[in-house]
Each structure stands twice: as structure tokens, then as C-alpha cells.
Amino acid sequence: MPYKRILVIGDMHGNFDRLLSVFRKVRFNNAEDFLILLGDYVDRGPENMRCLRWAMEMSEKENVVALRGNHEEMLLAYYLAENIAEFWLPNGGNKTIRELEEWQKKEPDALKRVLTFIAKRPYYHKMTINGEEFIFCHAGIRPGLPFDEQTTEDLLWIREEFYNHYDGKAKFFVGHTPIQYFSGMSTLNVKPLKLSNNITLMDTGSFLPNGHISCMDVLSGQVWQSD
């Protein structure tokens, strides 16, 4: 069915109050809207498991796609005994682990559910709307490579090379880099940033003091933000 709105929500990073704030403003209509979550539900914020559990519940809907972010990838790697602790824990993983352990005490299958959920998350989502291609992923792609040759590392981690050199016709919507980190951007009243080369950056610094979680309807360009 054709959806009236194609909604995309940027990085959450465990800030559940801001997530609820923006989602209430959006007034999601389960019968008329399609929703894509760009990943990074956990790490750095005060309520990482609440954000992750919300994403897990929402992903059960047919019209919701919850993508994998690099922070979910690090969580998965940590519990698969890959050598990533020294990098992940100082980048917010320590908070996530404590919350996950508390949840595990109450529900013994919590960790298994979390790891299963992350392992099933896609790295990207493509849609063709009125002849235009829309691509949603956490970080971006490596310019010059066919899409089927992109690595998961690029889809989850790439930054400047994608922003500076992508020249395709497909419209990309990505998170990963808070736009406050771009030179000249104010930390106040920050909104999703549309670059001149068909890239829209949706990470508006959910974990930063004056940051937001943002949602956009990619069809109309309308933006909603957390308080």
C-alpha cells in the first residue's frame, strides 16, 4: 500500500525521554506511516535499554524497519567475545552493560533476546518512491563502489569520504555523526542537515546537552524534534 508518510528517526543513544518527546509529536499512524530507525539505540544515554526495548517492540510491526548502528554492532561483538572492549566500553558501552545486566537479573532471557534482535538487524533499507530511490543506512557508503560490494564497516562507520565524495542520484538518509561536529554548526536549534549531494544527516546529537532526537518525513521534508 502507498504510505502517506515515510518517517526516519536518527540516533537515540539511550535518551528515552527525548525519544518519547519526538514520537508523541509525530503522532505515528500505524495504518498510514512507514518508519525507519537508523540505529544507535544504545550507549552514552541514561536509559539505553528502554530505547533498545522500544526499538525491539516497534520492529515487530510490518511497517517499521529498525536498522543496525555501529554501537549495536559493538555490543554484539563484545558478547561474541571479540576483542572490542577497550574501544566500546569508554564509548558508552559501560552504561549499556550495567543496564543490560540489571535487565538480565529480572528476565534471564534478556541477553539472548537482545543479541538475537541485533543479529537480525539489516544494515540498510532501500525504497523506490515515484521513480526516486531512497536509501537509509546508519553511516553511508564508500563512493565509487557498487552497492552490493559495500562492506559492513563502511555502512556502519564511514564519514567524510561519503559526505564529501558521494555523487549518486539516490537520496541517502543517515545518522552516525552528530551535525554539531560539523564546522560552523551551532549547538542550539540544530536540525537535520541536507547536504548538496543528496545526503540528509539525521543525527542531531541526542546525547549532547542541547541535542535532540529528530524525525523527518522524507516525502514532505517536515521535521519534528524532541524538546
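So, here's what we can say about the structure. (Residues numbered from 1 in each chain as written. Predicted model: local features only at pLDDT ≥ 70, side-chain atom pairs only at ≥ 80, totals over all residues. Heavy atoms only, no water.)

Notes on the overall build of the chain
When helices and strands are counted, the chain shows eight helices and ten strands. On C-alpha atoms alone, the chain measures out to a radius of gyration of 17 Å, which is about the 17 Å that the 2.2 N^0.38 rule sets for 227 residues. Long-range contacts, defined as pairs at least 24 residues apart, comprise 67% of the intrachain contacts of the chain with a sequence gap of at least 6. Considering the chain, the positive charge centre built from 26 side chains and the negative charge centre built from 31 side chains are found 6 Å apart. (Helix = DSSP H or I, 4+ residues; strand = E, 2+ residues; numbered from the N terminus. Rg over C-alpha atoms; globule rule 2.2 N^0.38 Å. Contact = heavy atoms within 4.5 Å. Lys, Arg positive; Asp, Glu negative; His and termini not counted. Charge placed at Lys NZ, Arg CZ, Asp CG, Glu CD.)

Regarding the sheet that holds strand β9 (residues 214-217)
Spatial ordering of the open sheet is given by β3-β2-β1-β9-β10, a layout of five strands whose pairing is mixed. Lying at the two open borders of the sheet, with one neighbouring strand each, are β3 (64-66) and β10 (223-225). In this sheet, adjacent strand axes meet at a mean angle of 15 degrees when their direction is disregarded. In this sheet, strand β2 (residues 33-37) lies alongside strand β1 (residues 5-9) in parallel orientation, the contact comprising five bridges. Residue arginine 5 lies in a different strand from β2, and its bridge partner there is aspartate 33. Packed on one face of the sheet, helix α1 (residues 16-26) meets β1, β2, β9 and β10 and runs near 145 degrees to β10. Packing of helix α2 (residues 48-58) onto the sheet brings it into contact with β1, β2 and β3, and relative to β2 it is tilted by some 140 degrees. (Pairing = 2+ DSSP bridges. Axes fitted to C-alpha atoms, helices over the stretch in contact; angles between N-to-C directions.)

Notes on the packing of α1 against α2
α2 packs onto α1 with a crossing angle of 40 degrees between their chain directions and a minimal axis gap of 9 Å. Of the possible angle classes, the one that applies to α1 and α2 is oblique. Seen from α1, the contacting residues are Phe16, Leu19 and Phe23; seen from α2, they are Arg50, Cys51, Trp54 and Met58. Taken together, the residues of the contact of α1 with α2 break down into six nonpolar, no polar and one charged. (Parallel < 35°, antiparallel > 145°, perpendicular 65-115°, else oblique. Nonpolar A, V, L, I, M, F, W, Y, C, P; charged D, E, K, R; others polar.)

Here we look at the packing of α2 against helix α5 (residues 93-106)
Close contact between α2 and α5 brings their axes to 8 Å; oriented N to C, the two are set at 70 degrees. As the angle between them shows, α2 and α5 are arranged roughly perpendicular. Taken together, the residues of α5 that come into contact with α2 (itself represented by Asn48, Met49, Arg53 and Met56) are Lys95, Thr96, Glu99, Leu100 and Trp103. Residues belonging to the contact of α2 with α5 are distributed by class as follows: four nonpolar, two polar and three charged.

Overview of the pattern of salt bridges
Oppositely charged side chains may form a pair once their charged atoms are brought near each other. Inspection of the entire model under this criterion finds 13 salt bridges. Note that arginine 53 is salt-bridged to glutamate 107, the shortest N-O span being 3.4 Å. Taken together, the residues arginine 53 in helix α2 and glutamate 107 in the loop between α5 and α6 (110-119) connect sequence positions 54 residues apart. Judged by relative accessible area, which is 25%, glutamate 107 ranks as partly exposed. Among the ionic contacts, a cluster of salt bridges with common partners joins Arg53, Glu107, Asp109 and Arg113. (Salt bridge = Lys/Arg side-chain N within 4 Å of Asp/Glu carboxyl O. Buried < 20%, exposed > 50% of the residue type's maximum accessible area, 1.4 Å probe, protein only.)

Examining the sheet that holds strand β5 (residues 132-137)
The strand order β4-β5-β6-β8-β7 describes an open sheet built from five strands, whose pairing is mixed. Two strands bound the open sheet, and with one partner strand each, they are β4 (124-129) and β7 (193-194). Where β7 and strand β8 (residues 199-201) come together, two bridges link them in antiparallel fashion. Note that in β8 the partner of leucine 193 across the bridge is leucine 201.

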